[in-house]
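Working through the structure, step by step
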Amino acid sequence: MQLLTHAAIATMNDETGGYGLIPQASLVVEDDRISWVGPETDLPERYAGASRRDLGGRLVTPGLIDCHTHIVFGGDRSREFEMRLEGAGYEEIARAGGGILSSVRATRDADEASLLKSALRRVDHLIAEGVTTIEVKSGYGLTVADELKMLRVARLIEARREVTVRTTWLAAHALPPEYQGDRASYIRDVVIAGMDAAHAEDLVDAVDGFCEGIAFSRDEMAAIFDHAKTLGLPVKLHAEQLSDLHGAAMAARYGAMSADHLEWLGQDGVDAMAASGTVAVLLPGAFYTLRETQLPPVGALRDAGVPIALATDCNPGTSPLTSLLLAMNMGATLFRLTPAECLAGVTRNAARALGLADRGVIAPGMRADLAIWDVHAPAELTYRIGFNPLHARIFGGDLV
């Protein structure tokens, strides 16, 4: 048992939209759980003899949660980025070997060891900013073998680092060249058959897809979700990033944990998500990188009571971002979220987007994943740019 004392604690256990801040607070951790939290003056006598750690007035928050990443991939697309800034269009970049298929080629060519090595470098940046839980998607293999390879690497991350990893089957990310003109066969032979294989190997925690004109239709995604449900796998969806195909409303009808991106989300999608409890995961890194101008409907989501989460969307092409703190700042400056909404978006609501009920807030019985910060006020975590004030991280009750 350990007692953390002389701290300001942002419990994030405040559904009214605040930080749930307790100044001059203490926190008791037993094993990997929080036993008690409250003002120092209210500390129960039974904890008085616990081993004490004086935090010197620092801020404590729940450990941060990055609930949408593509952090396992081969190669990089820096040349594509350079070409775009030099004026090249989509077709020219594609002819030069760029685009998502360049990541597919590099991922297929890489073995598990090299994929793990490169992924850990990115994961370490997140961990250094207080992240304790990360979601990792497949989606750059687009064959059963290569998609499974990606998810095996994702499971290895959790074995090599003090971080929880949730894995997501995203074979419905793009149509590979070998299946051009035969979408039904790809969905049957790779998306569905691979989902079965991943489930049998205990490699998958959820199922996702990219519902867009350049990817998969709403009806195709519904068929994929139908199969996920037969396996007992929860679903989520990349929706309304480039156009409004009403994918979020469809996903909400399946009880989706989250719908992500959402720049073109209409009121029907907002209402459906509010009714189902589906979390809106906003991804400002992609919005920034692609220089988009269509803002997600934050006001409508807020008015409808839809929980809003934030994530890095770390990927090689449209969001090469490995800073959740920067994603918070972008969420405020680009999307006009409040600092309290940004912190809730990477704690309480991010946990909800992953279906994790045991973290994201500081309360008795919750998992003791915590971040300790050298700041005076919670708003500083969103306000600063390119500055990491993490003092220490507690993962499962252990200082790491």
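Because the structure is predicted, anything quoted here is derived from the model rather than measured.

What counts as what
Residues numbered from 1 in each chain as written. Predicted model: local features only at pLDDT ≥ 70, side-chain atom pairs only at ≥ 80, totals over all residues. Heavy atoms only, no water. UniProt positions renumbered as here; feature names shortened; annotations may be inferred. Helix = DSSP H or I, 4+ residues; strand = E, 2+ residues; numbered from the N terminus. Contact = heavy atoms within 4.5 Å. Polar contact = N/O pair within 3.5 Å; in protein donor to acceptor, adjacent residues only side chain to side chain.

Observations concerning the UniProt feature "binding site: Zn(2+)" (unreviewed entry) in the protein chain
UniProt tags His68, His70, His238 and Asp313 as "binding site: Zn(2+)" (unreviewed entry). These residues run over 246 residues, yet every pair of their C-alpha atoms falls within 12.3 Å of each other. Here His68 lies in the loop between strand S6 (64-66) and helix H1 (78-85). Beyond its immediate chain neighbours, meaning those up to four positions away, His68 contacts Glu135, Lys137, His238, Asp260, Val281, Leu283, Ala311, Thr312, Asp313 and Cys314. If sequence neighbours within four positions are ignored, His238 has contacts with His68, His70, Lys137, Leu170, Asp208, Gly209, Phe210, Cys211, Asp260 and His261. Within the structure, the side chain of His238 is placed 3.5 Å from the side chain of His70, a separation counted as a polar contact.

Quick word on the environment of Cys67
Mapped onto the elements of the fold, Cys67 is located in the loop between S6 and H1. Linking Cys67 and Met83, residues 16 residues apart in sequence, is a C-alpha distance of 30 Å. In contact with Cys67, not counting residues within four places along its chain, are Glu135, Lys236, Val281, Ala309, Leu310, Ala311, Ala350, Ala353 and Leu354.

Thoughts on unusual backbone geometry
Of note in the backbone geometry, Glu240 takes a positive phi value of approximately 55° without being a glycine. Residue placement: Glu240 occurs in the loop between strand S10 (236-239) and helix H8 (247-253). Positive phi is not limited to glycine here, since Leu262 has a value of about 75°. Mapped onto the elements of the fold, Leu262 is located in the loop between strand S11 (258-261) and helix H9 (267-276).

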